[in-house]
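Observations on the model geometry
Listed here are the chains, written in short residue letters.
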Amino acid sequence: MDRTDDGRPLKLMVVLDEWTRECLAIRVARRLRAPHVLEVFADLMEVHGVPAHLRSDNGPEMVATILRTWLGRVGAGTLYITPGSPWENGYCESFNGKLRDELLNREVFATLHEAQVLVEQWRVHYNRVRPHSALGYRPPAPEAILPRPTTAARRSRSPRPRLTHQLDQTKRAGQLASRHASSSGSDVTPPG
């Protein structure tokens, strides 16, 4: 268990995207209860959408009735790992090891706020800068800075007719769908 310099406990809730390996959130608090977990998930789902499933351990904050009921209402399933089987949640265990080696074992946090700030800085670095071997030594969510094209480069660009054609086809399909919807009275929403 992690602690601040005064001996008070710190709890960390880590949320990872298993597909992209991006760390979506790390909640640092003195205690984590089901309402805190629900708040983190609600904020993430507002930005990233509702996942098909959430994989977690069997901690009391994760198996609480209020959280499971809420997840069921929003359409997210739960996948709980078998107690004592951390290999069933390998991505998270690997991430936790890196977090411990690269930050938690190297820092002495004076306050809860200091821990929150340093953990968030590390999370951003992990997502945007730190290379990941499973991703071809690229970060999961790199910051991309693209130079602005010069005036000459903008003039020399040729339009992409294939893309334009695809967009035109989509517009036509949408117009046909909206004509069909208004004539038949069905709830067809045109694409795009």
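Residues numbered from 1 in each chain as written. Predicted model: local features only at pLDDT ≥ 70, side-chain atom pairs only at ≥ 80, totals over all residues. Heavy atoms only, no water.

Right, let's get into the overall build of the chain. The helix and strand tally for the chain stands at 7 helices and 5 strands. Written out in order from the N terminus, the α and β elements of the chain read β-β-β-α-β-α-α-β-α-α-α-α. Residue pairs in contact within the chain that sit at least 24 positions apart in sequence constitute 50% of those at least 6 positions apart. As presented, the chain carries roughly 13,200 Å² of accessible surface, and 53% of it is formed by carbon and sulfur atoms. (Helix = DSSP H or I, 4+ residues; strand = E, 2+ residues; numbered from the N terminus. Contact = heavy atoms within 4.5 Å. Areas by Shrake-Rupley, 256 points an atom, 1.4 Å probe, with all protein chains shown as cover.)

Turning our attention to the state of the cysteines. Here is the idea: a disulfide is a covalent bond, and it sits between the sulfur atoms of two cysteines. Applying the stated criterion across every chain, the model contains 0 disulfides. Looking at Cys92, it has no disulfide partner, and the nearest cysteine sulfur is the one in Cys23, 8.5 Å off. (Disulfide = S-S within 2.5 Å.)

Let's shift gears to the pattern of salt bridges. Taken as a whole and judged by the stated rule, the model has 5 salt bridges. Of the charged contacts in the structure, one is a salt bridge between Glu102 and Arg130, with a shortest N-O distance of 2.9 Å. Residue Glu102 is found in helix α4 (residues 90-104), and its partner Arg130 is found in the loop between α5 (112-128) and α6 (151-156); the two are separated by 28 residues along the sequence. A relative accessible area of 29% places Glu102 in the partly exposed class. Owing to a relative accessible area of 15%, Arg130 belongs among the buried residues under this scheme. (Salt bridge = Lys/Arg side-chain N within 4 Å of Asp/Glu carboxyl O. Buried < 20%, exposed > 50% of the residue type's maximum accessible area, 1.4 Å probe, protein only.)

Quick look at the sheet that holds strand β3 (residues 23-29) now. The strand order β1-β2-β3 describes an open sheet built from 3 strands, whose pairing is antiparallel. In this open sheet, the two edge strands, each paired with only one partner strand, are β1 (2-3) and β3. Direction of pairing for β1 relative to strand β2 (residues 9-16): antiparallel, over a ladder of 2 bridges. Counted as the bridge partner of Arg3 is Pro9 from β2. Across the sheet, helix α1 (residues 34-48) is in contact with β2 and β3; its angle to β3 comes to roughly 155 degrees. Sitting on the sheet, α5 touches β2 and β3, and the angle it makes with β3 is about 170 degrees. (Pairing = 2+ DSSP bridges. Axes fitted to C-alpha atoms, helices over the stretch in contact; angles between N-to-C directions.)

Topologically, Val74 is positioned in helix α3 (residues 65-74). Spatially, the C-alpha atom of Val74 lies 7.2 Å from that of Val50, the residues being 24 residues apart in sequence. In contact with Val74, not counting residues within four places along its chain, are Met45 and Val50.

Summarising the model, the chain shows a mean pLDDT of 78, and 73% of its residues fall at 70 or more. When mean pLDDT is compared element by element in the chain, β3 scores highest at 96, while helix α7 (residues 161-184) scores lowest at 39. In the predicted structure, residues 153-192 sits below a pLDDT of 50 and forms 9 contacts with residues beyond four places in sequence or in another chain. (pLDDT = per-residue confidence, 0-100.)

Taken as a whole and assessed by the stated rule, the structure comprises 3 aromatic pairs. Between Phe95 and Trp122, the aromatic rings sit 5.4 Å apart at their centres with planes inclined by 65 degrees, giving edge-to-face as the arrangement. Of the two residues, Phe95 sits in helix α4 while Trp122 sits in helix α5, which places them 27 residues apart along the sequence. Here Phe95 matches Trp122 in class, with each residue buried. Look at Phe95 and Tyr126: their rings are 4.8 Å apart centre to centre, the planes differ by 90 degrees, and that puts the pair in the edge-to-face class. One end of the pair, Phe95, is in helix α4; the other, Tyr126, is in helix α5, with 31 residues separating them in the sequence. Like Tyr126, Phe95 is buried. Through a chain of ring-to-ring contacts, three or more aromatic side chains come together here, namely Phe95, Trp122 and Tyr126. (Phe/Tyr/Trp six-rings, centres within 6.5 Å; stacked < 30°, edge-to-face > 60°.)

Another point: the packing of α4 against α5. Interaxial distance between α4 and α5 falls to 11 Å at its minimum, and their mutual angle equals 120 degrees. Taken as axis vectors, α4 and α5 run oblique relative to one another. The chirality of how α4 crosses α5 is right-handed. From α4, Phe95, Lys98, Leu99, Glu102 and Leu103 reach across to α5, where they touch Leu118, Val119, Trp122 and Tyr126. Residue composition of the contact of α4 with α5, grouped by class: 7 nonpolar, no polar and 2 charged. (Parallel < 35°, antiparallel > 145°, perpendicular 65-115°, else oblique. Left-handed = near helix turned anticlockwise from the far one by under 90°. Nonpolar A, V, L, I, M, F, W, Y, C, P; charged D, E, K, R; others polar.)

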